[in-house]
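A structural walkthrough
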Amino acid sequence: MRVAIVENTRITHHGQVGIALHEQAAKIDLFKPWSDNRLPDPDAFDALVVFGGEQSARDDHSHPYLPALADLMRGAGTAGKAVLGICLGSQLLARGLGAENHLGTAPEFGWCDVTLTEAGRADPVLSHLPATFPIFQWHSDTFTLPEGVTRLAGSSVAQNQCFRLNRATYAMQFHFEASRAVVADWNRTFPEAVERNAPGWLSTHHPEQAPQRGTAADAHGLAIARAWVKLIESGN
């Protein structure tokens, strides 16, 4: 299985997704278009993963590759390939599929509750999760639901937390890849941004000794990653 991974910012943790891919000995091609505008060849991968970043899905002026990346995700998904968009990646997939991006209207930070829809409770990737589960969030933007997709999850802040296109293309607004170790590194690397989003977080949340919600989110995130990789494998 050959997987193209697109990173949208200088510091990107593959986290639980990386663990699941390496467990299956996936061949990884890594792209960093924020530095060189280079994107994967559509015919050169079995699956495409697009991670988050500090930019919005509409910041074409500062990240001119974004329209092409949104189109790449749409094309791969509509062709039946496996695509996974996380946070910014989910917003770009929504953009590529013709939805609207709403900027700054849905801030969420920390381990937040996400609730599955009826379709989500039957979904091959999400069905093993509790009906409502904690998972890490760090975003302020959201999107409308594209036509022709299945809405799988929502929250009290952002109605569209996850949707699926065809068999194995998923948009996930939440950072299920973010284990407690990833969150701990974000705390160390981006303390000012963390404090802006959640004043007092750094003094009250220690992922190395995370509360029960962080521990549960670790398990949920790895389960999601493994289920998506298994879904890819079953289609190859």
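Here, every reference points to the structure presented above.
Each value, and the rule that gives it
- Residues numbered from 1 in each chain as written.
- Predicted model: local features only at pLDDT ≥ 70, side-chain atom pairs only at ≥ 80, totals over all residues.
- Heavy atoms only, no water.
- Helix = DSSP H or I, 4+ residues; strand = E, 2+ residues; numbered from the N terminus.
- Rg over C-alpha atoms; globule rule 2.2 N^0.38 Å.
- Buried < 20%, exposed > 50% of the residue type's maximum accessible area, 1.4 Å probe, protein only.
- Areas by Shrake-Rupley, 256 points an atom, 1.4 Å probe, with all protein chains shown as cover.
- Lys, Arg positive; Asp, Glu negative; His and termini not counted.
- Charge placed at Lys NZ, Arg CZ, Asp CG, Glu CD.
- Axes fitted to C-alpha atoms, helices over the stretch in contact; angles between N-to-C directions.
- Parallel < 35°, antiparallel > 145°, perpendicular 65-115°, else oblique.
- Contact = heavy atoms within 4.5 Å.
- Nonpolar A, V, L, I, M, F, W, Y, C, P; charged D, E, K, R; others polar.
- Pairing = 2+ DSSP bridges.
- Expected span 1.5 Å × (residues − 1).
- Arc of directions from axis to C-beta.

**A look at the overall build of the protein chain**
Assigned secondary structure in the protein chain consists of 9 helices and 11 strands. Taking 18 Å as the expected radius of gyration for a compact globule of 236 residues, we find that the protein chain reaches 16 Å, a close match to that expectation. For the protein chain, the spread of C-alpha atoms along the three principal axes comes to 45 × 40 × 35 Å. Evaluated residue by residue, the protein chain yields a buried proportion of 55% over its 236 residues. Element-wise, carbon and sulfur atoms account for 49% of the exposed surface of the protein chain, whose accessible area totals about 10000 Å². When the 19 basic and 25 acidic side-chain charges of the protein chain are each reduced to a single mean position, those positions are 4 Å apart.

**Describing unusual backbone geometry**
Most peptide bonds take the trans form, and the phi angle of most residues other than glycine is negative. Non-glycine residue Asn37 carries a positive phi angle of around 65 degrees. Relative to the assigned elements, Asn37 resides in the loop between helix H2 (33-36) and strand E3 (47-50). Looking at Asn37, the relative accessible area reads 43%, which means it is partly exposed. One non-glycine residue, Asn166, lies in positive phi territory at about 55 degrees. Within the secondary structure, Asn166 sits in the loop between strand E10 (162-165) and strand E11 (169-172).

**Re the packing of helix H3 (residues 66-78) against helix H4 (residues 88-96)**
Between H3 and H4, the least distance of the axes is 8 Å, while the angle of their chain directions is 80 degrees. Classed by the angle they form, the pair H3 and H4 counts as roughly perpendicular. Across the interface between the two elements, Leu66, Pro67, Leu69, Ala70, Met73 and Arg74 from H3 touch Gly89, Leu92, Leu93, Arg95 and Gly96 from H4. For the contact of H3 with H4, the residue count by class is 7 nonpolar, 2 polar and 2 charged.

**Some words on the sheet that holds E3**
Sheet strands line up and pair through hydrogen bonds in the backbone, either parallel or antiparallel. Sheet architecture is open: 9 strands sit in the order E2-E1-E3-E4-E11-E10-E9-E6-E7, paired in mixed fashion. Strand pairing shows two members of the sheet lacking a second neighbour, strand E2 (27-31) and strand E7 (132-139), which therefore form its edges. The average angle at which neighbouring strand axes cross in this sheet is 20 degrees, direction not considered. Here 3 bridges tie strand E9 (residues 150-154) to E10, and the two strands are oriented antiparallel to one another. Its bridge partner lying in E10, Arg151 is registered against Phe163.

**Remarks on H3**
For H3, with 13 residues, the first-to-last C-alpha span of 18 Å sits near the 18 Å given by 1.5 Å per residue. By the burial criterion, the buried members of H3 are Leu66, Leu69, Ala70, Leu72, Met73, Ala76 and Gly77. Down the axis of H3, the buried side of the element spans an arc of 160 degrees, and every buried residue falls inside it. On its buried side, H3 packs onto strand E1 (2-6), E3, strand E4 (82-86), H4, E10 and E11. Phi turns positive one or two residues past the end of H3, at Gly80, with a value near 95 degrees.

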